[in-house]
Every structure is written in C-alpha cells, then in structure tokens.
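Results of the structural survey
These are the residues of each chain, in order.
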Amino acid sequence: MSEPLFLYQAVALLLLFLGIFGIITRKSLVGMIIAVELMLNGAGLAIVASGQLTGAPADLAQLSSLLVMGLAAAEATLVLAIILVVAKRFGTVETDRVSELEG
Amino acid sequence: MDTQSAAHLLFIVYAIVVLGGGIMAVVAKSLVRALVGLVLTLFGVAGMYLLMAAPFMALMQILIYVGAVVVLIFFSIMLTNATSRGDEAKPRSGLRIFLALVAAAIPAGLLALVAWTQSTATDAVQTPVEISIDQLGKALLNEYVLAFELISVVLFVAMAGAVLLGFERRKSK
C-alpha cells in the first residue's frame with residue numbers, strides 16, 4: 001500500500017471498464033444510463049483522488065467533482081425525458097429495435 | 001489496530017462494495033437489481049471520499065446521486081415498463097460480449113498503464129489535507145464563480161428541455 005493514489009485510480013478505472021462494458025452489452029436505454037452513471041462516478045473518484053493525494057489544489061479537485069455531479073444530474077433529467085419520448089413513439093426502449101431514423 | 005491498517009481495511013471493504021455493486025449494475029438481468037447495484041457503488045464511492053478526508057464530497061455524493069439521479073432512473077424504469085421478463089432478459093451473443101470486453105479493456109488498460117508509471121513520479125502525499133466547507137464556498141464564489149453560474153445555467157436548460165420534450169409528446173398525440 002505504498003501508492004494510495006494508484007489504488008484509488010485503479011478503482012476509478014475499473015468503474016470506467018464496467019461502464020464501457022455495460023453501455024455496449026445492455027439492451028435497453030435505461031440500462032445504458034446506469035452504465036453511464038458508473039463511468040461518471042469513476043471520473044469523480046479519480047478527480048478527487050488526484051486532488052487530495054497529490055500536491056495539486058484540493059479545493060479545485062473537489063469543486064470539479066461537484067461539477068461532474070451537477071452534469072450527471074442534468075444529463076439524467078434530459079435522458080429520462082428522451083427515453084419517455086422514445087418509449088411513447090416506438091413502444092419499446094430496446095436499442096436494437098429503436099433504429100429507424102426519420103428524415 | 002492503528003489508524004493506518006484500519007484505513008487499509010476500510011479501503012478494501014469499500015473497493016469490494018464498489019466493484020460488487022458495479023458488476024451487479026452491469027450484468028443483472030432485472031433493471032431494478034442493476035439500480036440496486038448502482039446504489040451500492042455510489043455508497044462505496046462515498047466511503048472512499050470519506051477515506052480521502054473529503055466528507056463534504058461524500059455527503060454530496062449521497063445527496064445528489066442517491067437522492068436525485070437514482071430516483072430519476074427508477075422513475076424511468078417504472079415509466080418505460082422495463083420488466084424483468086422484458087428486453088434485458090434476452091440472451092446476448094458471445095461475440096458482442098467479447099467485443100465489449102475488448103472495447104472496455106483497451107482504454108482502461110492504457111489509462112492504468114499511464115497511472116501506474118506516473119504514480120511513482122508524482123509528489124503523492126500519504127495524509128490528505130481536509131478542505132473545510134467555508135474554504136470550498138469561498139473558492140466557489142471567488143475564483144470559480146463562472147463555473148458555478150454556468151452549471152446552474154446547464155441545469156436550467158436541462159430541466160427546460162425535459163419539460164419541452166414532455167409537452168411535445170402530449171401535443172402530437
């Protein structure tokens with residue numbers, strides 16, 4: 001445990017790994033937002049770890065991570081609205097079936 | 001048990017919670033179970049913030065993610081009728097899972113390599129300093145006031161957009 005910074009970043013990278021894996025394998029749009037939230041959490045964890053455990057300004061890191069949380073909340077609001085429109089129009093939120101484009 | 005080994009033990013516990021929750025969130029057949037996995041991950045990350053001497057971040061993590069984002073996702077599960085026998089229960093092709101593993105492993109592996117080689121070169125500190133809430137508030141209203149105002153604009157635009165999408169749907173019916 002000589003490198004605490006790397007351990008926290010390893011956890012953040014595993015969250016990134018799980019997020020990318022989930023966004024590809026999930027079949028529904030709701031499952032895809034869950035995967036995106038995992039990746040955003042990994043980002044926040046990596047930012048706070050690099051601010052707290054190095055000489056970098058810690059307040060900047062914490063505020064950046066708060067910004068990521070705010071963006072996650074905004075994104076979740078908008079994605080929920082889009083999913084509702086898609087579900088209404090197509091009758092499903094399965095990604096393989098929602099593949100028509102309207103010109 | 002001294003504080004150092006207690007911190008190591010807690011880190012291991014939180015890492016297990018984060019990874020177990022993350023795996024559950026990605027592979028669970030039922031979307032509600034996947035959401036429970038996401039909540040576990042969120043609490044684990046909040047615990048890691050506490051370990052890094054950032055208690056305000058841990059509180060915000062629980063307040064914003066568990067209080068707002070997870071509730072929104074739960075609503076979208078409810079409103080889109082995503083049942084456990086629905087879309088997620090169908091089997092996935094092995095090729096797709098393999099490609100997803102490769103696509104996820106390449107960026108994560110490259111970043112891990114960079115983090116590993118750089119972690120010995122940086123001036124890593126063993127005991128993090130705690131930033132008090134009034135320091136954070138002063139930084140937010142002095143140096144980073146533009147980012148603070150912009151994030152509120154982004155939140156407003158997102159909420160207005162969500163309301164607009166809802167109206168659009170009702171009008172076209």
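Above this text you will find the structure in question.
The following refers to the structure shown. All values reported here derive from a predicted model rather than from experimental measurement.

1. A few points about the packing of helix H1 (residues 4–25) of chain A against helix H4 (residues 94–119) of chain B
For the pair H1 of chain A and H4 of chain B, interaxial distance at closest approach is 8 Å and the crossing angle is 160°. What the angle tells us is that H1 of chain A and H4 of chain B run roughly antiparallel. The handedness of the crossing between H1 of chain A and H4 of chain B comes out as right-handed. Its residues assigned to classes, the contact of H1 of chain A with H4 of chain B comprises 19 nonpolar, 3 polar and 1 charged.

2. Focus on the packing of aromatic side chains
Throughout the structure, instances matching the rule amount to 2 aromatic pairs over all chains. Taking the centre distance of 4.8 Å and the plane angle of 65° together, the rings of Phe-6 of chain A and Trp-116 of chain B count as edge-to-face. Within this pair, whereas Phe-6 of chain A is found in helix H1, its partner Trp-116 of chain B is found in helix H4, the two belonging to separate chains. The exposure class of Phe-6 of chain A is buried, given its relative accessible area of 17%. Look at Tyr-8 of chain A and Phe-11 of chain B: their rings are 4.9 Å apart centre to centre, the planes differ by 85°, and that puts the pair in the edge-to-face class. Here Tyr-8 of chain A is found in helix H1, whereas its partner Phe-11 of chain B is found in helix H1 (residues 3–27) on a different chain. Look at Tyr-8 of chain A and you get buried, because its relative accessible area is 7%. What makes Phe-11 of chain B buried here is its relative accessible area of 8%.

Thresholds, definitions, all that
- The residue numbers shown here count from 1 along each chain, following its written sequence.
- Key to labels: chains lettered from A, ligands numbered from 1, both in the order written.
- Two thresholds apply to this predicted model, a pLDDT of at least 70 for residue-level local features and 80 or more for giving and counting side-chain atom pairs, whereas whole-chain, interface and lining totals are computed over all residues.
- Computation of side-chain values covers all heavy atoms of the structure but excludes hydrogens and water.
- Under this scheme, a helix contributes an axis fitted over its contacting stretch, all axes are lines through C-alpha atoms, and angles between N-to-C directions fall in the 0 to 180 degree range.
- Helix and strand assignments follow DSSP, with helices taken as H or I runs no shorter than four residues and strands as E runs no shorter than two, numbered in order from the N terminus.
- Small angles under 35 degrees read as roughly parallel and large ones over 145 as roughly antiparallel, with 65 to 115 read as roughly perpendicular and the rest as oblique.
- Each crossing gets its handedness from the near helix: less than a right angle anticlockwise from the far helix is left-handed, clockwise is right-handed.
- Under the convention adopted here, Pro, Cys and the residues Ala, Val, Leu, Ile, Met, Phe, Trp and Tyr are nonpolar, Asp, Glu, Lys and Arg are charged, and Gly plus all remaining residues are polar.
- Stacked, tilted and edge-to-face pairs are distinguished by plane angle, under 30 degrees for stacked and over 60 for edge-to-face with tilted covering the rest, among Phe, Tyr and Trp rings (Trp via its six-membered ring) whose centres lie within 6.5 Å.
- Summary of the burial criterion: residues with accessible area below 20% of their type's maximum are buried, those above 50% are exposed, and those between are partly exposed, where the area comes from a 1.4 Å probe applied to protein chains only.

In short, geometric facts, not functional conclusions.
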